[in-house]
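Chain by chain, the residues run as shown.
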Amino acid sequence: MSKLTVTIPDDLHQKIREELERQSITTSQFIEQAVTTFFEKPKGVSNMATRTLAFQVQARDLEHPRPKRNRLALC
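Residues numbered from 1 in each chain as written. Predicted model: local features only at pLDDT ≥ 70, side-chain atom pairs only at ≥ 80, totals over all residues. Heavy atoms only, no water.

**Regarding the overall build of the protein**
Scanning the protein from terminus to terminus reveals three helices and zero strands. The order of α-helices and β-strands along the protein, N terminus first, is α-α-α. Each of the 75 residues in the protein was classed as buried or not, and the buried ones make up 5%. Counting every atom, the protein has about 8200 Å² of accessible surface; 55% of that belongs to carbon and sulfur. (Helix = DSSP H or I, 4+ residues; strand = E, 2+ residues; numbered from the N terminus. Buried < 20%, exposed > 50% of the residue type's maximum accessible area, 1.4 Å probe, protein only. Areas by Shrake-Rupley, 256 points an atom, 1.4 Å probe, with all protein chains shown as cover.)

Set out below in structure tokens:
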């Protein structure tokens, strides 16, 4: 077994602590799960969490589209 020390932001550390408590696991178990999941993903598949954005469009906007605007990238 090897040891690993990392520096992470306090807010991320708090999220990890909350997840450890929720799952009743140790930090080592959590990190092992996260790293294993990262490396088990097939190549080309994003290792980042995905998000879905849903919105409603009024019919009039489909019939007479508004002028094109700059797009905003969501990460």
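**Focus: the packing of aromatic side chains**
Both the distance between ring centres and the angle between the ring planes are used here to describe each pair of aromatic rings. Applying the stated rule across the entire model yields one aromatic pair. Ring centres 5.0 Å apart and planes at 85° place the aromatic pair Phe38 and Phe39 in the edge-to-face group. (Phe/Tyr/Trp six-rings, centres within 6.5 Å; stacked < 30°, edge-to-face > 60°.)

**Observations regarding the pattern of salt bridges**
Note that side chains of opposite charge can pair when their charged atoms are close. Considering all chains together, one arrives at one salt bridge under this definition. In this structure, Arg22 and Glu19 form a salt bridge, with 2.6 Å as the shortest nitrogen-oxygen distance. With a gap of three residues between them, Arg22 and Glu19 both fall in helix α1 (residues 10–23), about one helical turn apart. For Arg22, a relative accessible area of 60% corresponds to the exposed category. (Salt bridge = Lys/Arg side-chain N within 4 Å of Asp/Glu carboxyl O.)

**Notes on the confidence of the model for the protein**
Mean pLDDT over the protein: 75, with 56% of residues reaching 70 or higher. Confidence, expressed as mean pLDDT per element, reaches its minimum in the protein at helix α3 (residues 59–63) with 64 and its maximum at α1 with 92. (pLDDT = per-residue confidence, 0-100.)

**Topic: the packing of α1 against helix α2 (residues 27–40)**
Close contact between α1 and α2 brings their axes to 10 Å; oriented N to C, the two are set at 100°. Viewed along their axes, α1 and α2 adopt a mutual orientation that is roughly perpendicular. For the pair α1 and α2, the contacting residues are Ile16, Glu19, Leu20 and Gln23 in the first and Thr27, Phe30 and Gln33 in the second. Of the residues in the contact of α1 with α2, the class split is three nonpolar, three polar and one charged. (Axes fitted to C-alpha atoms, helices over the stretch in contact; angles between N-to-C directions. Parallel < 35°, antiparallel > 145°, perpendicular 65-115°, else oblique. Contact = heavy atoms within 4.5 Å. Nonpolar A, V, L, I, M, F, W, Y, C, P; charged D, E, K, R; others polar.)

**Structural notes on α1**
Helix length check: α1 (14 residues) gives 20 Å between terminal C-alpha atoms against 20 Å at 1.5 Å per residue, within 8%. Just past α1, the residue Ser24 takes up positive phi, approximately 55°. (Expected span 1.5 Å × (residues − 1).)

**Here's the deal with a nonpolar patch on the surface**
Taken together, the side chains of Leu4, Val6, Ile8 and Leu12 make up a nonpolar region of the molecular surface, amounting to roughly 370 Å² of accessible area. Counting through the fold element by element, Val6 comes out in the segment before α1. Given the relative accessible area of 56%, Val6 is considered exposed. (Patch = residues over 30% accessible without salt bridge, like charges linked within 9 Å, V, L, I, M, F, W, Y side chains within 5 Å.)

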